[in-house]
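Survey of secondary and tertiary structure
Given next are the chains, with one letter for each unit.
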Amino acid sequence: MANKILSIKKKIDFINVTKSSKTYKSKSLILRKLYDNNLKNSSKVGYMVTKKLGNAVKRNRAKRIMRELVKRNVPKYEKYNFFYVLIAKKAIFDTPFKNLEKEFEELLSKK
């Protein structure tokens, strides 16, 4: 398994990332990043959107936006062996996608 982006499916993985990860914030996203050498050149990504953002349609739109951000940027910057949890803020709906990409790139590049 080389250079794959997988989804976090187990609640325990979300809990582990929340407890022991580094958190980076921007205007419209929060990124939690946890390094794990056992992932064998892959990454696991989870998406969190709370009900505070709106109804199901808005929450699903936020998840689609975040999935596209990950699909375009994680392979480009070769950030593997990480657990990522992306959390949406309300500003995700008002920010143009190009600006979201820049924000996400900045979050990925932080150590």
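Look a little higher up for the structure.
Residues numbered from 1 in each chain as written. Predicted model: local features only at pLDDT ≥ 70, side-chain atom pairs only at ≥ 80, totals over all residues. Heavy atoms only, no water.

Examined against the element boundaries, Arg59 turns out to sit in helix H2 (residues 56–73). An unpaired buried charge is present at Arg59: no salt bridge exists, and Asp94, the closest side chain of opposite charge, is 17 Å distant. Residues in contact with Arg59, not counting those within four places in the same chain, are Val49, Thr50, Lys51 and Gly54. (Helix = DSSP H or I, 4+ residues; strand = E, 2+ residues; numbered from the N terminus. Buried < 20%, exposed > 50% of the residue type's maximum accessible area, 1.4 Å probe, protein only. Lys, Arg positive; Asp, Glu negative; His and termini not counted. Salt bridge = Lys/Arg side-chain N within 4 Å of Asp/Glu carboxyl O. Contact = heavy atoms within 4.5 Å.)

This next bit is on the sheet that holds strand E1 (residues 4–7). Strand pairing in a sheet relies on backbone hydrogen bonds, with the paired strands running either antiparallel or parallel. Reading across from one edge, E1-E4-E5-E3-E2 is the order of the five strands in this open sheet, with mixed pairing throughout. Each having just a single partner strand, E1 and strand E2 (22–25) make up the two edges of the open sheet. Strand-to-strand twist in this sheet, taken as the mean axis angle between neighbours without regard to direction, amounts to 25°. Contacts from helix H1 (residues 11–20) reach E2, strand E3 (29–35), strand E4 (42–48) and strand E5 (82–88), with the element oriented near 95° to E3. Contacts between helix H3 (residues 97–109) and the sheet are confined to E2, E3 and E5, with E3 contributing the most and set at about 30° to the helix. (Pairing = 2+ DSSP bridges. Axes fitted to C-alpha atoms, helices over the stretch in contact; angles between N-to-C directions.)

Glancing now at the packing of H2 against H3. One can describe the packing of H2 onto H3 by two numbers: an axis separation of 10 Å at closest approach and a directional angle of 60°. The angle between H2 and H3 places the two elements in the oblique class. For H2 against H3, the interelement crossing comes out right-handed. Across the interface between the two elements, Ile65, Glu68, Leu69, Val70, Arg72 and Asn73 of H2 pack against Phe97, Leu100, Glu101, Phe104, Glu105 and Leu108 of H3. Looking at side-chain class alone, the contact of H2 with H3 contains seven nonpolar, one polar and four charged residues. (Parallel < 35°, antiparallel > 145°, perpendicular 65-115°, else oblique. Left-handed = near helix turned anticlockwise from the far one by under 90°. Nonpolar A, V, L, I, M, F, W, Y, C, P; charged D, E, K, R; others polar.)

Two descriptors summarise a pair of aromatic rings, namely the distance from one centre to the other and the angle between the planes of the rings. Summed over all chains, the structure comprises two aromatic pairs. Between Tyr35 and Phe82, the ring centres sit 5.3 Å apart and the planes meet at 75°, which makes this aromatic pair edge-to-face. Of this pair, Tyr35 sits in strand E3 while Phe82 sits in strand E5, and the two are 47 residues apart along the sequence. By relative accessible area, Tyr35 is classed as partly exposed at 48%. Members of the aromatic cluster, each reached through a chain of ring pairs, are Tyr35, Phe82 and Tyr84. Taking NZ or CZ as reference, Lys33 lies 5.5 Å from the ring centre of Phe82, over its face. Taking NZ or CZ as reference, Arg67 lies 5.9 Å from the ring centre of Tyr47, over its face. (Phe/Tyr/Trp six-rings, centres within 6.5 Å; stacked < 30°, edge-to-face > 60°. Lys NZ or Arg CZ within 6 Å of the ring centre and 35° of its normal.)

The subject of this paragraph is the layout of surface pockets. Estimated volume of the largest pocket: approximately 170 Å³. Ser20, Ser21, Lys22, Tyr24, Lys33, Leu34, Tyr35, Lys79, Phe82, Leu108, Lys110 and Lys111 together form the lining of the largest pocket. Contributing elements (two or more residues each) for the lining of the largest pocket: E2 and E3. A total of three residues in the lining of the largest pocket trace back to one element, the largest contributor, which is E3. Among the residues forming the lining of the largest pocket, the class breakdown is five nonpolar, two polar and five charged. (1 Å grid on protein atoms, 1.4 Å probe; cavity = no way out; pocket = protein on both sides within 12 Å on 5 of 7 lines; lining within 4 Å. Points joined across faces, edges and corners; volume = space filled by probe spheres on them.)

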